[in-house]
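# A structural walkthrough
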Amino acid sequence: MSTATVTPMCSITIDGHPLQVPPGTTLYDAAQAAGIAIPVLCHAPNLQPVAVCRMCVVEVEGARVLQAACIRQAEDGMVVHTQSDKVQRSRAMLTELLMSDYPQQAKATPSHNGHVGKRDMLLELAQQQGITTPRFPSRPFDNGHDLSSHVIQVDHNACILCDRCIRACDDVQSNEVIGRGGKGYTARIVFDNDKPMGESTCVSCGECMAACPTGALTDKPLTLPVLPSTPLQQVDSLCPYCGVGCSITYSVDTSTNTIVQVAGRDSPVNHGRLCVKGRYGFDYAHHQERLTVPLIRKPEYYPKAVEGLEQPLQAFRQATWDEALDLAAQRFLAIKRQDGSQALAGFGSAKCSNEDNYLFQKLIRAVFGTNNVDHCTRLCHASSVAALLDQIGGGSVSNPFSDCLETEAIFIIGSNTTHNHPVAATFMKQAAKAKTTLIVADPRRPEIADHADYYVRFNPGTDVAFLNGLMYVILQEGLYDAQFVEERTEDFDRLRDAVQAYTPRVVSRLTGVPEQLIIDVARAYGRAERAMIFWGMGISQHTTGTDNARCLINLALLTGNIGRPGTGLHPLRGQNNVQGASDVGLIPMVYTGYQSVDDAAVQQKFEQAWGVDLDPKPGLTVVEIMNEVLLGNIKAMYMMGENPFLSDPNINKVKKCLAAMDFLVVQDIFLTETAEYADVILPGTSFPEKTGTYTNTDSRVQLARKAVEPPGQVRVDWHIIADLARRMGYPMSYNSEEQIWQEIVALTPVFRGITYARLQHQGLPWPCLEPDHPGVAIRFTDEFPRGKGKFVPAEYAPAKELPDDAYPFVLNTGRVLQHWHTGTMTRRARALDAIAPEALLEITAEDMAELGIASGEFVRLRSRRGEVRVKAISSPKPARGSVFLPFHFKEAAANLLTIDALDPYGKIPEFKFCAVRVEKISSDPAVPQATG
Ligand code: SF4
Ligand code: SF4
């Protein structure tokens, strides 16, 4: 006999409809489910109900007063009326009272309050109830406007104090910026301690604006001020920036072909949330500097100047597509004939779609005849992938990041999550508030450490020692999962022996972390029934990057924290499609789905499909390709959407490579620093101008849709690639992106069940093997792709270039919230550039005092490879003896300084560690900028 207990349902009646609802259901939710509309102002599905506006009141038979439906729970036998006279009178009176205080200007444009894409729910209610001129006097007080934010305008007079913005900021984004101030008529929302919004700690995520039900918080127009009567087209798409891959909806003014607003879209990835880049970084696509015609370098601009040109556009003349593509095809073919296929190479782009990148690598492999094809994954998580492939047999994450809501402990290491993956960070902060233990470890204190139970600052470059120290304690205290180790892993003895030397005392000496903190963190992670590890480029961008990742994999295997919900390994992917670009073969060692180029059966399959002989040897990686260019072995390149000038280490060397190439074709949306060295420039499409699939950090394949027409003669990227292939004698003919996707699927078993028709609005995670399969979100539940998980111990080794008397500081590089990668897009997005217009060098107040530098003063930052002139600011984030410089800014390019020493396995450069010197210089802006 079954012992399962069945929860009794409540039988209720709403407006005469009998309903059965689970206990705890609110009357509002019950009515919603039955299709009965109850008006609300303060309530929203993603916020905790607070019942302050009383607009949702309903009449419950037998109750003394009207009940707020958003919080009143159903009880068995309840009879509810949502439209009784009493209810209607209450609603009308509330609406009239609220409208009496509502600003006249807002009332004048009731359809959407003059603000594009924003529903004014109060005005809608007033319209429904026929309230035009309230009988009551308006409040005798002007609460004013706040226009200080770059993205949001505040009309305090239109605020109804419903607290939706406060809950959105606190509970959804966990930014805790907004509160209430004042009393009576002067009561209003305040930012921090009543600062102007633009001077507060607001991070401009726009969640409060999206939650506001009136015209109190509205977006400032970034492109066009749109007339209320303009019909706006809604296009569901994706954010083009980070690997989180948030779902968005574009509002498009079709009459001017302009995106006017972006809103978060509900999906399993972001639940409607966005960060400042996703919400306000869209206008780059309409920037006047877009490349709109093909360009060819003029003869008088040869040889190319290593240092570039004052006015680079002058070096080019406009060309027709035929001219530009014929020239590209002829030169590539000539070099292939004369110097062989290995003299050619290509960089694709983690910003482009799966379809673009698939065709790009197909062109390099099938037409150029080489596997020398790579992209910026090499600069991001190549070391993580190398370790994962070796130890587990698969290079992707094991669990989606949203699993952090189901875990007991979150361990974030080497990730500035609130800046680099802001929406993922909102879930982590939310979990931490709900009592999940949060451990944050990073030499530079990231803001998410404010929410942590344990913050560990370890000496830069000592990750392996620290992680081995944790495993030492876990083993010593018997906190490891002996059964998991026995059943699902191999080489445990090697790990156990290797970490014996990493006692807390030894590790404390190496890392600078107090012994007790090492023990406490090991216990917090080791004792958790479910624990997740997240890491970023602080782990991967080292010459020991693969060893760092190995230690994290060892830690998860040792504690059995993989293969279940709320556990796992999650290297947070950088670019929006860095996962997908790798998945579709934009790396030199593998075809689509990580099928090795040196596997004879795989090679045969692709040769048959593509109808050509293929190179059986793995190709060269990004930095290796650049080295071969300098040696004269690689003579020509095709670069699509990649800007190695700013993204690669040791820019002075990169410049020499770019200038040294016999022939360079760059396909991009702007004249990037790299494009300045091109022979032919092909204008490509920006993200909202094309349809295609993109794969986020969770390995979820999602569909982005074209929202606007490209400008000028711009052509869709895959059309350009196919046309070039054709002109090089290899037919590539496709009708649509979907047809390209079908070819990818036919060659890639892990995508077998994914079709455009199935992707629609939610996407699907891979592997997805059958047409009705939902995709695998949690991987490795029973076994790893390689069978057993393998422990691979790592020994601590110092960074390649340690500080010394000449260069006494450690330079750490990375991103800031408002900018993305080389800034090509974000620095042309008006709001983002206005919020973060310049590079700022972070340095501790103590080091500044010692150097005699004031915060805001310009300094010269010098390494053995180059120097930059940059404004220094005092910051508590770096440790003493360390400085941090973002790498988005050409005028203070961090990669002039970084070292191009490589991790031997992942071939990733050591962006996160090199020795530098900080020198005081004049603050006179007339002082010429150092160029290195
Ligand atoms: S924009 Fe975001 S951070 Fe700023 S106040 Fe609104 S919700 Fe808070
Ligand atoms: S978190 Fe990433 S994907 Fe989401 S809105 Fe921000 S930049 Fe875009």
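See above for the structure.
Residues numbered from 1 in each chain as written. Chains lettered and ligands numbered in written order. Predicted model: local features only at pLDDT ≥ 70, side-chain atom pairs only at ≥ 80, totals over all residues. Heavy atoms only, no water.

## Examining the pairing of strand E36 (residues 914–920)
Threshold: Note on exposure labels: buried denotes an accessible area under 20% of the residue type's maximum, exposed denotes more than 50%, and partly exposed covers the range between, all computed with a 1.4 Å probe on protein chains only. Numbering of helices and strands runs from the N terminus; a helix is a DSSP stretch of H or I covering at least four residues, while a strand is a stretch of E covering at least two. Pairs of strands are assigned from DSSP output, requiring at least two bridges between the strands.
When you tally the buried positions in E36, you get five out of seven residues, the bulk of the element. Bridge count between strand E31 (residues 809–814) and E36: three bridges; the pairing is antiparallel. The residue bridging Phe 809 from the neighbouring strand is Val 916, located in E36. Sheet topology note: the strand E33 (residues 858–862)/E36 ladder contains four bridges and is antiparallel.

## Details of the site of ligand 2
Put simply, the rule reads: Being near a molecule or strand, for a residue, comes down to having at least one heavy atom within 4 Å of it.
As a structural note, the neighbourhood of ligand 2 is formed by Cys 239, Tyr 241, Cys 242, Gly 245, Cys 246, Leu 274, Cys 275, Lys 277, Gly 278, Pro 422 and Val 423. Every element with two or more residues in the shell around ligand 2 is listed here: helix H7 (276–280) and helix H12 (422–433).

## Quick look at the sheet that holds strand E7 (residues 152–155)
Sheet strands pair via backbone hydrogen bonds, and the direction of the pair is either parallel or antiparallel. Overall, antiparallel pairing links the three strands, which are arranged E6-E7-E10 in an open sheet. Two strands in the sheet have a free side with no partner beyond their single neighbour: strand E6 (145–146) and strand E10 (217–219).

## Examining helix H21 (residues 600–610)
This is how the line gets drawn: Comment: arc refers to directions from the helix axis out to C-beta atoms. In what follows, a contact means two residues having at least one pair of non-hydrogen atoms within 4.5 Å. Here a polar contact is taken to be a pair of N or O atoms separated by no more than 3.5 Å, where protein atoms must pair a possible hydrogen donor with a possible acceptor and residues adjacent in sequence count only if both atoms sit in side chains.
Inspection of H21 places Val 602, Gln 603, Phe 606 and Trp 610 among the buried residues, and these make up the whole buried set. Down the axis of H21, the buried side of the element spans an arc of 100°, and every buried residue falls inside it. More than 90 degrees from the buried face of H21, the exposed residues found are Ala 600, Ala 601 and Gln 608. Taken together, the buried residues of H21 touch helix H9 (354–368) and helix H26 (737–747). At the N-terminal boundary of H21, the capping side chain belongs to Asp 599, with an oxygen 2.9 Å from the backbone nitrogen of Ala 601. Just downstream of H21 lies Gly 611, where phi reads positive at about 70°.

## Side note on the nonpolar core
The cut-off we apply is this: The set of buried Ala, Val, Leu, Ile, Met, Phe, Trp, Tyr and Cys residues whose side-chain atoms join them within 4.5 Å is what this entry labels a nonpolar core.
Counting 109 residues, the largest nonpolar core has Ile 12, Ile 189 and Leu 217 as its most contacted members. Here the element with the most residues in this core is H12; it accounts for seven residues.

## Some words on the packing of helix H2 (residues 85–100) against helix H4 (residues 121–128)
Relative placement of two packed helices is described by the angle separating their axes and the distance separating the axes. So the rule is basically this: For helices, the fitted line uses only the C-alpha atoms of the stretch in contact; every axis is such a line through C-alpha atoms, and the angle between N-to-C directions lies from 0 to 180 degrees. For classification purposes, angles smaller than 35 degrees are called roughly parallel, those larger than 145 roughly antiparallel, those between 65 and 115 roughly perpendicular, and all remaining angles oblique. Crossings are classed by handedness, with left-handed meaning an anticlockwise turn of the near helix from the far one by less than a right angle and right-handed meaning a clockwise turn.
Contact geometry for H2 and H4: axes closest at 10 Å, N-to-C directions at 125°. It follows that H2 is oblique to H4 by the angle criterion. For the crossing formed where H2 meets H4, the hand is left-handed. Together, Thr 95, Leu 98 and Met 99 of H2 and Leu 122, Leu 123, Leu 125 and Ala 126 of H4 make up the contact between the two elements.

## Description of helix H24 (residues 651–660)
Counting buried residues in H24 gives seven out of ten residues, a clear majority hidden from the surface. Within the span of H24, buried status applies to Ile 651, Asn 652, Val 654, Lys 655, Cys 657, Leu 658 and Ala 659. At its buried positions, H24 is contacted by helix H22 (622–630), strand E24 (636–640), helix H23 (644–647) and strand E25 (663–668).

## A word on the pattern of salt bridges
The line we're drawing: One side-chain nitrogen of Lys or Arg within 4 Å of one carboxyl oxygen of Asp or Glu is enough to make a salt bridge.
Under the definition given, this model contains 51 salt bridges. Here Glu 529 ties to Arg 564 by a salt bridge, and the two come within 3.9 Å at their closest N and O atoms. Of this pair, Glu 529 sits in the loop between helix H17 (515–527) and strand E22 (531–535) while Arg 564 is found in the loop between helix H19 (545–558) and strand E23 (568–571), placing the two residues 35 residues apart along the sequence. Judged by relative accessible area, Arg 564 falls into the partly exposed class, the value being 27%. The residue Lys 653 makes a salt bridge to Asp 900 at a minimum N-O spacing of 2.6 Å. Note that Lys 653 is positioned in helix H24 and Asp 900 in the loop between strand E35 (882–886) and E36, a separation of 247 residues in sequence. Look at the salt bridges and you will find they share partners, linking Asp 322, Asp 326, Arg 715, Asp 723, Arg 726 and Arg 727 into a network.

## Topic: the sheet that holds strand E26 (residues 680–683)
Strand order in this open sheet of seven strands is E15-E14-E26-E25-E24-E16-E17, and the pairing throughout is mixed. Of all the strands in the sheet, the pair left with one neighbour each is strand E15 (316–318) and strand E17 (373–374). Of the pairings in the sheet, the one linking strand E14 (residues 295–297) to E15 comprises three bridges and is antiparallel in character. Note that in E15 the partner of Leu 295 across the bridge is Gln 318. Strand contacts of helix H25 (residues 717–727): E24, E25 and E26, with the helix running at about 155° to E24, the strand carrying the most contacts.

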